[in-house]
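Commentary on secondary and tertiary structure
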Amino acid sequence: MKVNKWIGAHLIAAFMLLISVISYGQGQQGVSLDKIIARVDNHYILNSELEEMYNQYKAEGRQAPEKCQLLESLIINKMLLAKAEIDSVTVEDKDVDGELNAKMNYMIQRFGSEKNIVEAYGKSVENLKGELRQQVKEQKIVEKMQRTISGNVKITPAEVRKFFNSIPKDSLPYIPSEVEVGHIVKKGTVTREQKEKLRQQLLDLKARAEKGEDFAMLAQIYSEDLGSAKVGGDLGFAKRGAMVPEFEGAALGLKPGEMSGIVESQFGFHLIKLLETRGAEYHARHILLRPDYNKGTDMTSATRALDSLRTLIKSDTLKFAKAALDNSDDKETAESGGLIQDRSTGQSKLTLDASMDPALYFAIDTMKVGDLSMPVSYRLEDGSSAMRILWYKSKSEPHTANLHDDYEKMAQIVLSNKRNNALEEWFKKAQGDVYISIEPEYRNCKVLGLAANADDL
């Protein structure tokens, strides 16, 4: 059975699939019930999951695999989850929260802003995160199970050489130009004038509510959390830890029916009204006003800070990696010495072609290797405006693959193959430990190497 390539493809697309399924469910309300097409112990696979996974490939311009192959990848994930329950494999909440925040930041980048996400799904960011948390937790468990199964696999240089030498010379891949680029990012600061303007607007709304105007109606009219605004700012019941600390601390300090002062968080400025508490949960409404990062952001201090760092780096008084680690507001790249990484591979070598971020592509097109740019405008994944300096670290010329220049790539292929072999062996043994059922319409599929000629495998 060849499960390996579908495992990787499914994990890469997993988060976007989760989002798509939620959207699918909303669009189908009142139309038809989703259909269960397979079951692995207590885990179910819905027809919408399969369809959305298939459509995701087409939307990205990639050739979609056969649906039987996609179904197999979904069943593999459910097997990993089922076996994790049997083997008591769990993940920590802090790891789930960190991954969820990273995914939400990616969504913000993809949609352009939190406002656009809210408009697309008709829900507040907080509520959307609440719905996605369980799915992200399952994804983390799947990844942990894979590491448990194949994490001890090692390779040797001899194995890498053997693999490379097994490739016919006329079949060696052509490697395009690759570059390494680092950046140091400094956020702009929302001007004091804009902050005071937003605070005063919320104070005026609070005064109107205190005089008898309906808080829910004010939220519908003025709140910029468009998802909750549609229902009068109602955020539903939230468990402790679900909201950002500033919001939760203010809400829990209220009595039912009370309104908060003006609360500032990473999302903007809130006016909160507590409705009720229920055990460890609380129910609140809010009105949110967001800074306009295009009109109300001061870039002066960010530009000055980057100019100073640039001077120190150019004089070799400070190394770029150290400057990024200590000063960059892009924490994801700061930990890797400021090097921008390819999301799909996790590597710092970026293919120099149309797949690169256009802003980065055109910026380095005017630079030479070793150059350090002047501060330039940049937009962070959370939608906020910033400035950054770029370091053009390296560039490789296009070439036919060879062991000297491309050892890392070859080693990664060999390691991946050995890990996938370990996974395949595990799947063969694990099939007897879990119950797998597939609906008749997919009985012609060969799932996990077995023909599904009956409902039960």
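An account of the accompanying structure is given in this report. Note that this is a predicted model, so its numbers are computed, not measured.

Turning next to the overall build of the chain. Along the backbone of the chain there are 16 helices and 17 strands. For the chain, buried positions account for 44% of its 457 residues. The long-range fraction of contacts in the chain, counting pairs at least 24 apart against all pairs at least 6 apart in sequence, stands at 68%. Split by element, the accessible area of the chain, about 23900 Å² in all, is 49% carbon and sulfur.

Looking now at the packing of aromatic side chains. The geometry of an aromatic ring pair is captured by the separation of the ring centres together with the interplanar angle, meaning the angle of the planes. Here the structure, examined in full by the defined rule, presents three aromatic pairs. Look at Phe320 and Trp391: their rings are 4.9 Å apart centre to centre, the planes differ by 40 degrees, and that puts the pair in the tilted class. A residue pair is termed long-range when its members are at least 10 positions apart, and Phe320 in helix 13 (residues 320–327) and Trp391 in strand 13 (residues 385–396) qualify at 71 residues. When the centroid spacing of 5.0 Å and the interplanar angle of 75 degrees are considered together, the rings of Trp426 and Phe427 count as edge-to-face. Each member of the pair, Trp426 together with Phe427, is buried.

In this section: the pairing of strand 13. Across 10 bridges, the pairing between strand 4 (residues 178–187) and strand 13 is antiparallel. Considered in strand 13, the bridge of Ile184 is made with Ile389. Looking at chain direction, strand 12 (residues 376–379) and strand 13 are connected through four bridges and run antiparallel. What sits directly across from Arg379, in strand 13, is Ser385.

Cut-offs and rules
Residues numbered from 1 in each chain as written. Predicted model: local features only at pLDDT ≥ 70, side-chain atom pairs only at ≥ 80, totals over all residues. Heavy atoms only, no water. Helix = DSSP H or I, 4+ residues; strand = E, 2+ residues; numbered from the N terminus. Buried < 20%, exposed > 50% of the residue type's maximum accessible area, 1.4 Å probe, protein only. Contact = heavy atoms within 4.5 Å. Areas by Shrake-Rupley, 256 points an atom, 1.4 Å probe, with all protein chains shown as cover. Phe/Tyr/Trp six-rings, centres within 6.5 Å; stacked < 30°, edge-to-face > 60°. Pairing = 2+ DSSP bridges.

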